[in-house]
Amino acid sequence: MNLYLRYFDKETLVSNVDEAVEFLRSIPEIEMNDELEADVRSYATSEVYYPKRYKLRPRVYFIIIKTEAATMLDFKQKKALRPSDAPDGPAVDPTPPTIARLNENRPGWYEGSLNFKRVVLIPSTGKHEYRDTLFVANCKANSGIDCYNRIVEHLRERVDPRSQFPSAKGKNFKFKYLGYWK
């Protein structure tokens, strides 16, 4: 596991934590102390793979990124950022299965459920408020996105125009293929 470090235009790719600490000590603006060094070492040995950002002053940071890239060129070309990218491991499709199924052309009946923010009038105060509303419908559609579009089109004609509809790709829309229409 290598570490990529960057502070403004100063950057390096090192193979161990000692080299990373040495690089950080070579930058005068970074006041390297025992606490910061311990935190850098802790990050390097942890199982966490997201980039780590260290705040030095307001709006001034340096970052550390774990990578499997052997050279700076490999890192810049976004090769080997995570160990799961290794060819001997199972191939992982970065597209979630729901999003992949959303555009799949499969004519038939769909059950779509949409959780949206509906604007409703409160009679006692005469004011409006947003309420989470679940709408479930069966409809004929050619794909999951077509089901979403038909449900939203139906609702737009029947609810307050200020109501807010979630994205089809979000967690507030679910659909299920029920079968081919006859």
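Residues numbered from 1 in each chain as written. Predicted model: local features only at pLDDT ≥ 70, side-chain atom pairs only at ≥ 80, totals over all residues. Heavy atoms only, no water.

Participant: Describe the pattern of salt bridges, naming the residues involved and giving the relevant values.
Facilitator: By the definition in use, this model includes 10 salt bridges. In this structure, Arg25 engages Glu37 in a salt bridge whose closest nitrogen and oxygen atoms are separated by 2.6 Å. In this pair, Arg25 sits in helix H1 (residues 17-25) while Glu37 sits in helix H2 (residues 34-45), placing the two residues 12 residues apart along the sequence. Exposure remark for Glu37: the relative accessible area of 15% places this residue in the buried category. Put simply, Arg41 and Glu37 hold a salt bridge, and the shortest N to O gap is 3.1 Å. A residue pair is termed a helical-turn pair when its members lie 3 or 4 positions apart in one helix, as Arg41 and Glu37 do in helix H2 at 4 residues. The network of salt bridges with shared partners includes Asp18, Arg25, Glu37 and Arg41. (Salt bridge = Lys/Arg side-chain N within 4 Å of Asp/Glu carboxyl O. Helix = DSSP H or I, 4+ residues; strand = E, 2+ residues; numbered from the N terminus. Buried < 20%, exposed > 50% of the residue type's maximum accessible area, 1.4 Å probe, protein only.)

Participant: I'd like a description of the sheet that holds strand E1 (residues 2-7), backed by residues and values.
Facilitator: The antiparallel open sheet is built from 4 strands, whose spatial order is E2-E1-E4-E3. Each of the sheet's edge strands pairs with one partner strand only, and the pair in question is strand E2 (10-14) and strand E3 (52-57). Neighbour-to-neighbour, the strand axes of the sheet open up by a mean angle of 15°, direction not taken into account. Looking at chain direction, E1 and strand E4 (residues 60-67) are connected through 5 bridges and run antiparallel. The partner of Arg6 across the bridge, within E4, is Ile63. The strands that H2 touches are E1, E3 and E4; relative to E4, the one it contacts most, it runs at about 30°. (Pairing = 2+ DSSP bridges. Axes fitted to C-alpha atoms, helices over the stretch in contact; angles between N-to-C directions. Contact = heavy atoms within 4.5 Å.)

Participant: Go over the sheet that holds strand E6 (residues 127-141) with me, naming the residues and quoting the values.
Facilitator: As summarised here, the arrangement of the 3 strands in space is E6-E5-E7, forming an open sheet in which the pairing is antiparallel. Edge positions in the sheet fall to E6 and strand E7 (173-179), since each has one partner strand and no second. In this sheet, adjacent strand axes meet at a mean angle of 25° when their direction is disregarded. Where strand E5 (residues 108-122) meets E7, 6 bridges bridge the pair, whose relative direction is antiparallel.

Participant: Could you give an account of the confidence of the model for the protein chain, naming the residues involved and the relevant values?
Facilitator: Any residue range with low pLDDT should be treated as having predicted coordinates unsuitable for detailed reading. Of the residues in the protein chain, 88% reach a pLDDT of 70 or more, and the chain-wide mean stands at 85. Predicted confidence for residues 83-87 stays below pLDDT 50, and this span has 4 contacts to residues more than four positions away or in other chains. (pLDDT = per-residue confidence, 0-100.)

Participant: So what's going on with H2? Which residues, and what values?
Facilitator: With 12 residues, H2 extends 17 Å between its outermost C-alpha atoms, agreeing within 8% with the 16 Å of an ideal straight helix rising 1.5 Å per residue. Those residues of H2 lying buried are Leu36, Glu37, Val40, Tyr43 and Ala44. In an axial view of H2, the angular spread of the buried residues amounts to 125°, which keeps them on one side of the axis. In H2, those exposed residues whose orientation departs by more than 90 degrees from the buried face are Asp34, Glu35 and Thr45. (Expected span 1.5 Å × (residues − 1). Arc of directions from axis to C-beta.)

Participant: An account of helix H5 (residues 144-156) is requested, with residue identities and associated values reported.
Facilitator: The first and last C-alpha atoms of H5 sit 18 Å apart over 13 residues, in line with the 18 Å expected at 1.5 Å per residue. Buried residues of H5: Gly144, Asp146, Cys147, Tyr148, Ile151, Val152 and Leu155, and no others.

Participant: Requested: an account of the pairing of E2, with residues and values cited.
Facilitator: Inspection of the sheet shows E1 paired to E2 by 5 bridges, in the antiparallel sense. Note that in E2 the partner of Leu3 across the bridge is Val14.

Participant: Any details on the pairing of E4? Residues and values, ideally.
Facilitator: Buried residues dominate E4, accounting for 7 of its 8 residues. The antiparallel hairpin formed by E3 and E4 contains 2 residues in its connecting segment, where Arg59 sits at a positive phi of about 65°.

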